[in-house]
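Descriptive analysis of the structure
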Amino acid sequence: VNPEDARRMQETGLQLMRRVLAVLQIFAVSQFGCATGQIPRTLWQKDQNNQDFSPLIEKLELSVERVRQLALKHQQAEHVICSSELQDVPLGGRDELTLAVRRELTVALRDLMAHGLYASSPGMSLVLAPIACLIPAFTPSPRTMHPWELFVKYYNAKNGQAFVESPARKLSQSFALPVTGAVVATPKQSLLAAIHTVLTEHSPFKRSADSELKALVCMALNEQRLVSWLNLICKSGALVQSHYQPWSYMASTGFESALTLLSRLSNLKFNLPVDLAVRQLKNIKDAF
């Protein structure tokens, strides 16, 4: 076959394949209601047993109440943890309140945010979605995702690194001056800066996602912004639609009851250590 005939045959074959795929997609949409970029709801039926999130809500409520009582106890005793006191503690700030925040509150919040959370697969949406309704038995289960990755995705989507590393912001940090007069940073700006700080301090030491989430929660409580920061994630439609199953707590309720519970901590003052997971490593690095 000469090159011209081979080219024509190839074009004819490609046209036939396009028509076949178009017919399959039209059939799938009309009969099963799924389209490109969407994962059929039937694929989640095997996870029906995990849809009850009431135990997770109860766990969060208990942890919030415990942290609240400990914080009130510390405030009434006028107990403030300063950096000099932290250095005298063998493992660094492992007092009762800090442990309650890191081991109970953050874990309960993590588990609730992880309810129905998955890592979206581009291959699934672009290749298998048109015919996924026809072959659900052969579709792999979506990979689970850590809630900390949601914050990192938000940081990347909002171009957080460019915001934090802008010349005006670097000057303001160097001279301890506000960027624009006396204007207070918005929740979005403060969240991007907090995520950047956690990434900068923890990534060089390969800390786990749990450690990074604990650091962010401690920063949020210190700045009294935990509810506002979480609300930004909950109101990010692109993140919720792309990474939460339809029956998840986040997608079905908007995280409203959890935000109401966490608001009980909004009027309390915290001075929690943020770098517990990396403090010893930083000290070793500085020693050399």
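Let me begin by describing the structure that accompanies this report. (Residues numbered from 1 in each chain as written. Predicted model: local features only at pLDDT ≥ 70, side-chain atom pairs only at ≥ 80, totals over all residues. Heavy atoms only, no water.)

**Overview of the nonpolar core**
With 56 residues, the main nonpolar core has Leu 60, Phe 151, Leu 221 and Phe 255 as its most contacted residues. Discounting chain neighbours no more than four positions away, the residues touching Phe 255 are Leu 109, Leu 112, Met 113, Cys 234, Tyr 249 and Met 250. (Core = buried A, V, L, I, M, F, W, Y, C linked by side-chain atoms within 4.5 Å. Buried < 20%, exposed > 50% of the residue type's maximum accessible area, 1.4 Å probe, protein only. Contact = heavy atoms within 4.5 Å.)

**Re helix α9 (residues 187-202)**
Taking 1.5 Å per residue as the helical rise, α9 with its 16 residues ought to reach 22 Å, and the 22 Å between its terminal C-alpha atoms agrees with that figure. Turning to α9, its buried residues are Ser 190, Leu 191, Leu 192, Ala 193, Ala 194, Ile 195, His 196, Val 198, Leu 199 and His 202. (Helix = DSSP H or I, 4+ residues; strand = E, 2+ residues; numbered from the N terminus. Expected span 1.5 Å × (residues − 1).)

**Concerning the environment of Arg 264**
Tracing the chain through its elements places Arg 264 in the loop between α14 (256-262) and α15 (276-287). Relative accessible area serves as the criterion here: at 33%, Arg 264 is assigned to the partly exposed category. Spatially, the C-alpha atoms of Arg 264 and Val 67 are 9.9 Å apart, while their sequence positions differ by 197 residues. Ignoring any residue separated from it by four or fewer positions in sequence, one finds Arg 264 in contact with Glu 61, Val 64, Glu 65 and Arg 68.

**Topic: unusual backbone geometry**
Across the chain, the bulk of peptide bonds are trans and the bulk of non-glycine residues have phi less than zero. Of note, the phi angle at Asn 159 is positive, near 55 degrees, even though the residue is not glycine. Locating Asn 159 in the fold gives a position in the loop between α6 (147-157) and α7 (160-164). Phi at Gln 224 is positive, roughly 55 degrees, even though this residue is not glycine. As for its placement among the helices and strands, Gln 224 is situated in the loop between α10 (209-222) and α11 (226-234).

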